[in-house]
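# Chains, contacts and geometry: an overview
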Amino acid sequence: MKITEISFEGYEKVVRCDDPESGLKAIISVHDTTLGPALGGLRMWPYLSDQEALTDVNRLSQGMTYKSAVAGTGLGGGKSIIIGNSKTDKSEALFRAMGRFVDSLKGLYTTAEDVGTSVQDIVLIGKETKHVTGLPRSMGSSGDPSPYTAIGVHLGIKACLAKKLGTTDLKGVRIAIQGCGNVARYLCEHLHAEGAELILTDIVQEKVQLVVDACKGERVSIVAPEEIYDVECEVFAPCALGAIINDDTVPRLNCNIVAGAANNVLLTEEHGDRLRERGIVYAPDFVINAGGIINVSVELEPAGYNEARAIDKVNNIDDAVRDILDTSDEENIATNRAAILLAERKLAEGRKAKA
Ligand code: NAD
């Protein structure tokens, strides 16, 4: 196993692992540990180039620093990626090698599940290192973070509705959901139970059907993946992949609010400015989707995981979203910029306290 350090300005440690024996090609990016050890998921994705992989893991890692800073988890930001196809390239040897790679950082970085990895993969990693979270409940861990992320997104959507439309009543509110995966499935349950009308899409038809069936076919419709941006609705909830708010999609949006689970929703920070110019309220991704990391962070508390405590903490996400929306108005800046300001302020306080 060959581990190479890559120097990257603004990042505490970025390391790459090449292990010909298992086929592992992976990067761990530790962005900032001012507020605690870095925690963030492991993504498995068929990146087209090493540069693309490095850019993605660093961007995600910085996002984790901001997410944990705003949510007050007492953790720093990190992320890891495996370059590979999650459908064809998985093996026990691959994840055990990843476990040894994580272990080589001696606790600077703790890993968890993310896009392309499952709890079973994390269990294999856990055979080689203790620096893992999100193992099954049966192992005393916090389990799948998706339901907690969904609770936070649900509350955040209501905070945005209150700001933009003066109500938190979801009855008859049209919500377009991009991606019907793990988080969206739970999110749709909450929204539908409160009377929302759901417009769904996914590139995998069976995923959409699961949500349609859960809603018993009532107040639910389906559009093609490309059409989701044009849907006339109150809320557009991106729950698939990142960078989908861009030059092409901003002019097409036909909604009052953008608020969903996906990470790195904006292609660039300027796209947050474009949303504000259009009068669309945007709930910054790393504020509204912090429920999962909050849940996992409770697992690392001295008393160990406690679900009631996790839910109590996740229930503060609407306050966090409200604060950001108010700051954005007071400072006349986009909501994503207000969120970064708050995160940077918390990091500066942390650095001062440590000095
Ligand atoms: P998931 O893989 O279960 O769901 C994503 C869904 O999006 C899949 O069903 C996929 O088929 C669909 N999809 C992909 N590309 C699409 C496209 N172009 N159009 C429509 N659908 C498309 O993932 P998840 O765990 O539900 O996470 C969703 C998003 O939320 C990701 O961006 C993830 O990083 C973010 N997030 C998840 C959590 C969590 O707790 N799982 C926490 C924070 C952030």
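Residues numbered from 1 in each chain as written. Predicted model: local features only at pLDDT ≥ 70, side-chain atom pairs only at ≥ 80, totals over all residues. Heavy atoms only, no water.

### Examining the site of the ligand
Counted only if it meets this: If even one non-hydrogen atom of a residue comes within 4 Å of a molecule or strand, that residue is called near it. Nitrogen and oxygen atoms within 3.5 Å of one another constitute a polar contact, given that in protein one can donate a hydrogen and the other can accept it, and given that sequence-neighbouring residues count only through two side-chain atoms. Each accessible area is a Shrake-Rupley estimate made with a 1.4 Å probe; only the visible protein chains count as cover when residues are assessed. Working definition: helices are DSSP H or I runs of at least four residues, strands are E runs of at least two. Numbering for both runs from the N terminus. In the scheme used here, Gly and all other residues not listed as nonpolar or charged are polar, with Ala, Val, Leu, Ile, Met, Phe, Trp, Tyr, Cys and Pro taken as nonpolar and Asp, Glu, Lys and Arg as charged.
Within the structure, the ligand sits among 20 residues, and T149, V183, D202, A240 and N263 are positioned closest to it. Here an oxygen atom of the ligand and a backbone polar atom of N182 are 2.9 Å apart. Between A240 and the ligand, the recorded distance is 2.6 Å, taken from a backbone N or O atom to an oxygen atom. Taking 830 Å² as the accessible area of the ligand by itself, protein coverage stands at 81%. Listed by contribution, the elements that provide at least two residues to the shell around the ligand are α4 (146-165) and α5 (182-193). Counted by class, the shell around the ligand contains nine nonpolar, seven polar and four charged residues.

### Observations concerning a nonpolar patch on the surface
For clarity, the threshold we go by: The patch calculation keeps residues exceeding 30% relative accessible area without a salt bridge and links them within 9 Å when they carry like charges or within 5 Å when they are nonpolar (Val, Leu, Ile, Met, Phe, Trp, Tyr). By definition here, a salt bridge exists when the distance from a side-chain nitrogen of Lys or Arg to a carboxyl oxygen of Asp or Glu is within 4 Å.
Taken together, the side chains of W45, V115 and L241 present a nonpolar region at the surface, about 220 Å² in accessible area. Position of V115 among the secondary structure elements: in the loop between β7 (109-110) and α3 (119-125).

### Re the domain arrangement of the protein
What counts is decided by this rule: Residue ranges for the domains originate in an automatic or database domain assignment.
Here the protein is described as being made up of domain 1 (2-58 + 78-132) and domain 2 (146-290 + 319-343). For domain 1 and domain 2, the distance between their C-alpha centres works out to 29 Å.

### Description of the packing of aromatic side chains
The cut-off we apply is this: Here a pair means two rings of Phe, Tyr or Trp (six-membered ring of Trp) with centres within 6.5 Å. Their orientation is stacked below 30 degrees between planes, edge-to-face above 60, and tilted elsewhere. Here the term buried applies to any residue with accessible area under 20% of the maximum for its type, exposed to any over 50%, and partly exposed to those in between, with areas from a 1.4 Å probe on protein chains only.
Under the defined criterion, the tally for this structure stands at three aromatic pairs. Ring geometry for Y66 versus F286: centroids 5.6 Å apart, planes at 40°, classification tilted. Of the two residues, Y66 sits in helix α1 (residues 50-71) while F286 sits in helix α8 (residues 285-288), which places them 220 residues apart along the sequence. Owing to a relative accessible area of 9%, F286 belongs among the buried residues under this scheme.

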